[in-house]
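# Coordinates in review
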Amino acid sequence: MIRLAHVTDLHLGEAPPALVEEFASDLIAEAPDALLVGGDLTRAARGVEFIAAWRLLESVAPHIPVLAVPGNHDIPHWDLVDRFFKPKADWQAALPDRVVTSLDLPGLSVIGLDTVSRAQWHLDWSAGSVSSRRLRALEEALEARANPRCVVLTHHPLRHPGWATQRQPVRNAALALDLLRREGVELILSGHLHRAALLTDEGRPWQVITPSALSERGSGQMGWTMLECGEAGLSIRRRDWRARQEQREALPA
Ligand SMILES: [Fe+2]
Ligand SMILES: [Fe+2]
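Residues numbered from 1 in each chain as written. Chains lettered and ligands numbered in written order. Predicted model: local features only at pLDDT ≥ 70, side-chain atom pairs only at ≥ 80, totals over all residues. Heavy atoms only, no water.

Looking up the chain in an unreviewed UniProt entry gives the name Metallophosphoesterase, with the organism given as Rhodovarius crocodyli. Recorded in UniProt under Sequence similarities (unreviewed entry), the annotation for the chain is "Belongs to the cyclic nucleotide phosphodiesterase class-III family." (UniProt positions renumbered as here; feature names shortened; annotations may be inferred.)

See the structure below:
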């Protein structure tokens, strides 16, 4: 059995230090085999926020593989020159060298898909996008993976649950989902909505949405998800780390 911690939407810069400490101790106590970081590490893509976020994540996962994708809060919001011409400069500068964008573990491959968008032809610039370049890179990563069993990590959900259908969809989500289906991907792990959901109604890939690790904004929920992969397949445990409680959710066989 391998166990992967999915943490997302930390928004470092918002949470008080005592809360951050408490979150870190819960994650350390659960001792995952790998850490999947789903983006929105920061509140405003400031260098100091990135440094604080990675200091925290490196402290909880010093000896295990770490895979990360950025979120919409990890690129400049108001500085349009930086947003358009060097949107990931601070993300890249703070990213530890050992953080990867795809991972082959025994029996499970995990691939990160960057869905962050600089601008779109509507007013919601927090929405995600999968460009044709990203689709090609995703296809290559899927073909190169070591295991048939595969999970994809994104910041933006590629499908929205019923309570979020008013949200702007990810551009080209349908193309990405078609590719993931063709390649037999079982599960997408996402964040961004700050509220937990599990979507299984349209078959594979199922989609788990993990709430923010450290911000109650939007839903009152905070938590992280432990994805477990064993002989019997995938299952998840949702950790409400403040209450030290968890809820197990079975994924279809
Ligand atoms: Fe967020
Ligand atoms: Fe987000």
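### Observations regarding the pairing of strand β11 (residues 233–240)
The buried fraction of β11 amounts to 7 of the 8 residues, a majority that puts the element mostly inside the structure. Here strand β10 (residues 224–230) runs beside β11; their pairing, made up of 7 bridges, is antiparallel. Across the sheet, residue Met226 finds its bridge partner in β11, namely Arg237. Between β10 and β11, which pair antiparallel and follow one another directly, the connecting turn spans 2 residues. Two strands pair when backbone bridges link them, and β11 and strand β12 (residues 245–250) are joined in this way by 6 bridges, in the antiparallel orientation. For Ser235, the partnering residue across the bridge sits in β12 and is Ala250. As consecutive antiparallel partners, β11 and β12 are separated by 4 residues, and within that stretch Arg244 has a phi angle of approximately 50°, a positive value. (Buried < 20%, exposed > 50% of the residue type's maximum accessible area, 1.4 Å probe, protein only. Helix = DSSP H or I, 4+ residues; strand = E, 2+ residues; numbered from the N terminus. Pairing = 2+ DSSP bridges.)

### Focus on the nonpolar core
Counting 33 residues, the largest nonpolar core has Val7, Leu10, Phe23, Leu35, Val37, Trp54 and Leu214 as its most contacted members. Broken down by secondary-structure element, the contributors of at least two residues to this core are β1 (2–7), α1 (17–30), β2 (34–37), α2 (47–60), β3 (66–68) and β10. In terms of residue count, the dominant contributor to this core is α2 (6 residues). Ignoring sequence-local partners within four residues, the contact set of Phe23 consists of Val7, Leu10, Leu56, Ala213, Leu214, Trp224 and Trp241. (Core = buried A, V, L, I, M, F, W, Y, C linked by side-chain atoms within 4.5 Å. Contact = heavy atoms within 4.5 Å.)

### Side note on the coordination of the iron ion (ligand 2)
Octahedral metal centres with six donors ideally show angles of 90 or 180 degrees, and tetrahedral centres with four donors ideally show 109.5 degrees. The coordination sphere of the iron ion (ligand 2) contains the protein donors Asp40 (OD), Asn72 (OD1), His155 (NE2) and His192 (ND1), at a distance range of 2.1 to 2.3 Å. Each of the 4 donor atoms bound to the iron ion (ligand 2) contributes to angles spanning 89 to 161°, and the resulting shape is irregular. Metal-to-metal, the separation of the iron ion (ligand 2) and the iron ion (ligand 1) is 3.4 Å; Asp40 coordinates the two. With a gap of 32 residues between them, Asp40 in the loop between β2 and α2 and Asn72 in the loop between β3 and α3 (80–85) connect regions that are remote in the sequence. A relative accessible area of 12% means that Asn72 is categorised as buried. (Donors = N, O, S within 2.8 Å, 3.2 Å for Na, K, Ca; no water. Tetrahedral: all angles 85-135°; square planar, octahedral: opposite > 155°, others 65-115°.)

### Structural notes on the coordination of the iron ion (ligand 1)
Taken together, the protein ligands of the iron ion (ligand 1) are Asp9 (OD), His11 (NE2), Asp40 (OD) and His194 (NE2), with distances of 2.0 to 2.2 Å. All donors of the iron ion (ligand 1) belong to a single chain; written as a sequence motif, their spacing is D-x1-H-x28-D-x153-H.

### Describing the pattern of salt bridges
For the structure on display, the rule yields 22 salt bridges. Across the salt bridge formed by Glu14 and Arg217, the nearest N and O atoms sit 2.9 Å from each other. With Glu14 in the loop between β1 and α1 and Arg217 in the loop between β9 (206–209) and β10, this residue pair connects regions lying 203 residues apart in the sequence. Among the residues examined, Arg217 registers a relative accessible area of 41% and is labelled partly exposed. (Salt bridge = Lys/Arg side-chain N within 4 Å of Asp/Glu carboxyl O.)

### Examining helix α5 (residues 132–144)
Over its 13 residues, α5 extends 18 Å from the first C-alpha to the last, a length consistent with the 18 Å expected when each residue adds 1.5 Å. Those residues of α5 that fall on the buried side of the exposure criterion are Arg134, Leu135, Leu138 and Leu142. Around the axis of α5, the buried residues are gathered within 100° of arc, so they sit on the same side. Exposed side of α5, more than 90 degrees from the buried face: Arg133, Glu140, Glu143 and Ala144 are the residues found there. (Expected span 1.5 Å × (residues − 1). Arc of directions from axis to C-beta.)

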